[in-house]
Amino acid sequence: MVENSASGVIAEKPKKVRAQSQVKETLKRLVRNRLALVGMIILIIYILIAIFGPFLTPYNYAEFSLMDKNSPPSAAHWCGTDQYGRDILTRLLVGTRYSMGLGLGAVALGLLFGVILGCLAGYFGGWVEEIIMRFGDLVQSIPSMLLAIIISIVLGTGFIQTVIAIGFGRITLNARLIRAQFLSQRRLEYVEAALATNCPKGKLMFVHILPNTISPLIVTSTMGVGGTVMMAANLSFINLGIQPPSPEWGAMISDANAMVRSAPYQILFPGLMLAIFVLALNLFGDGLRDALDPKLKD
């Protein structure tokens, strides 16, 4: 469809071309940021580890071998073994799936419900906005870690329960962010033009307005994955997250807590995996924020 100035028909083709050029420009800025590029490469390595890592080791992550317990790093066990004789490297590789899954799952949960509530609050306003925002005030008045602990106690331990416990606290954060963006967008000309053509409210919110408000949410969510992984590790450390024998990084650190003096490598390696992953996410998130900033000049 081509734009017709006389009839006021909306041009679809120029919009697509403009969107493609914006994506290319964002990618160029992101690649030129060396720290962001380093973070992206590390994240790609972690993704490959999560997919193929467990197939690269001859050991079973849950198999006990009391003859090999607390063995230091060696040619047979590159990262050593734990107090049950399980190969730490194998558990690190498999644990990447659990830790990344927890982080991404919690962020996705917060995005799904946060975007819906934020769109409703920002578009309709009035009593809808008041109910959603006051509920958000109630949730945010509780520290996020304490809220996750309370939900974990109520729901119990396990992968899905941990995702819900962590992701619930992110819902109000995303809702507030989307609401603020909607308030700045709903009075613009393209929204008024859509309303003049009797555009359905659902289509107007999720097809027209939402894509123009999503950039800050992408950055917040990218950097939020690291925080959710850390929170999942903290829950596992206090035995409220992933439970043994599942090799989540936080659970591994919790299991090795008693061996910190006699076998520090049992804490060192999962701690490094966790720290590097969070660092890579922060580097990539910072670069993505700069790349999406319309005020940034080369």
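Every chain begins its residue count from 1, and numbering advances along the sequence as written. With pLDDT at 70 or above as the cut-off, local features in this predicted model cover only qualifying residues; side-chain atom pairs require 80 or more to be listed or tallied, and sums for whole chains, interfaces and linings still use all residues. Excluded from the side-chain calculations are hydrogens and water; all other atoms, namely the structure's heavy atoms, are used.

Student: I tried to follow the overall build of the protein chain on my own but got confused; where do I start?
Tutor: Across its full length, the protein chain holds 11 helices and 0 strands. When the helices and strands of the protein chain are listed from N to C terminus, the series reads α-α-α-α-α-α-α-α-α-α-α. Each of the three principal axes of the protein chain carries a C-alpha extent, and together these read 85 × 40 × 30 Å. For each residue, the accessible area found with a 1.4 Å probe, counting protein chains only, is set against the maximum for its type, and the residue is called buried under 20%, exposed over 50%, and partly exposed in between. Within the protein chain, buried positions represent 40% of all 298 residues. Every helix listed is a DSSP run of H or I at least four residues long, and every strand listed is a run of E at least two residues long, numbered separately from the N terminus.

Student: Explain the pattern of salt bridges here, please?
Tutor: Pairs may arise between side chains of opposite charge once their charged atoms sit close together. Salt bridges are counted wherever a side-chain nitrogen of Lys or Arg sits within 4 Å of a carboxyl oxygen of Asp or Glu. For the structure on display, the rule yields 6 salt bridges. Each of Glu130, Arg134, Asp137 and Arg176 takes part in one network of salt bridges that share partners.

Student: What is the right way to read the environment of Tyr61 from this model?
Tutor: Within the secondary structure, Tyr61 sits in the loop between helix H2 (34-52) and helix H3 (88-124). Look at Tyr61 and you get partly exposed, because its relative accessible area is 25%. Expressed as a C-alpha distance, the spacing of Tyr61 and Thr90, which sit 29 residues apart in the sequence, is 5.6 Å. With residues up to four places along the chain from it excluded, the contact list for Tyr61 reads Arg86, Thr90, Arg91, Val94, Tyr98, Pro245, Ser246 and Pro247. The contact definition used throughout considers only heavy atoms, calling two residues in contact when any of these lie within 4.5 Å.

Student: Please explain the packing of aromatic side chains as it appears in this structure.
Tutor: Stacked, edge-to-face and tilted labels apply to pairs of Phe, Tyr and Trp rings (six-membered ring for Trp) whose centres lie within 6.5 Å, assigned for plane angles under 30 degrees, over 60, and everything in between, in that order. Applying the stated criterion across every chain yields a total of 6 aromatic pairs. Between the aromatic rings of Tyr46 and Phe277, the centroid separation amounts to 5.2 Å while the plane-to-plane angle is 50°, which identifies the pairing as tilted. Of this pair, Tyr46 sits in helix H2 while Phe277 sits in helix H11 (residues 265-292), and the two are 231 residues apart along the sequence. Tyr46 gets classed as buried once you look at its relative accessible area, which sits at 5%. Accessibility expressed as a relative area gives 2% for Phe277, which makes it buried. Pairing Phe135 with Phe168 gives two aromatic rings, centres 6.4 Å apart and planes at 85°, and the pair type is edge-to-face. Of the two residues, Phe135 is situated in helix H4 (residues 126-140) and Phe168 in helix H6 (residues 159-185); the sequence distance between them amounts to 33 residues. Through a chain of ring-to-ring contacts, three or more aromatic side chains come together here, namely Tyr46, Trp249 and Phe277.

Student: Sorry if this is basic, but what is going on with empty space enclosed by the protein here?
Tutor: Over the atoms, a rolled probe matching the size of one water molecule traces out where space is still vacant. Cavities and pockets were defined on a 1 Å grid built over protein atoms only: a cavity is a set of grid points that admits a 1.4 Å probe from which the probe cannot escape, a pocket is an open set flanked by protein on both sides within 12 Å along at least five of seven lines, and lining residues are those with an atom within 4 Å of any such point. Grid points are joined across faces, edges and corners, and a volume is the space filled by probe spheres set on the points. One pass over the full model with this rule turns up 1 cavity of 30 Å³ or more. Looking at the largest cavity, the residues that line it are Asp82, Gln83, Arg86, Ile88, Arg91, Met252, Asp255, Ala256 and Gln266. For the lining of the largest cavity, the elements supplying multiple residues, two or more each, are H3 and helix H10 (249-255). Residues are grouped as follows: Ala, Val, Leu, Ile, Met, Phe, Trp, Tyr, Cys and Pro are nonpolar; Asp, Glu, Lys and Arg are charged; all remaining types, including Gly, are polar. Class assignment of the residues belonging to the lining of the largest cavity gives a composition of 3 nonpolar, 2 polar and 4 charged.

Student: Whenever I open this one, the nonpolar core confuses me. Can you help?
Tutor: Most often, soluble globular proteins have nonpolar side chains that are buried together. Nonpolar core, defined: a set of buried Ala, Val, Leu, Ile, Met, Phe, Trp, Tyr and Cys residues in which side-chain atoms within 4.5 Å join the residues together. Formed by 28 residues in total, the largest nonpolar core has its most connected members in Leu92, Trp249 and Phe277. Mapped by element, the contributors of at least two residues to this core are H2, H3, helix H9 (214-237), H10 and H11. For this core, the leading source of residues is H11, giving 10 residues. Discounting chain neighbours no more than four positions away, the residues touching Trp249 are Tyr46, Leu92, Gly95, Thr96, Ser99, Val229, Pro270, Met273, Leu274 and Phe277. Core analysis: the next-biggest nonpolar cluster, separate from the first, contains 13 residues, Tyr123, Val191, Leu204 and Ile209 among them.

Student: Teacher, can you tell me more about the packing of H3 against H9 here?
Tutor: A fitted line through C-alpha atoms serves as each axis, taken over the contacting stretch for helices, and the angle formed by two N-to-C directions is quoted from 0 to 180°. Two numbers describe how H3 lies on H9: the axes approach to 8 Å, and their chain directions differ by 135°. In terms of axis orientation, H3 runs oblique to H9. Viewed along their axes, H3 and H9 form a crossing whose handedness is right-handed. Between H3 and H9, the residues in contact are Ser99, Leu102, Gly103, Leu104, Ala106, Val107, Leu111 and Val115 and Leu217, Ser221, Gly224, Val225, Thr228, Val229 and Ala232, respectively. The residue inventory of the contact of H3 with H9, partitioned by class, reads 10 nonpolar, 5 polar and no charged. Angle categories are assigned with fixed cut-offs, so that under 35 degrees is roughly parallel, over 145 is roughly antiparallel, 65 to 115 is roughly perpendicular, and the rest are oblique. Crossings are assigned a handedness: left-handed for a near helix turned anticlockwise from the far helix by less than a right angle, right-handed for a clockwise turn.

No statement about biological role is implied by the geometric values presented.
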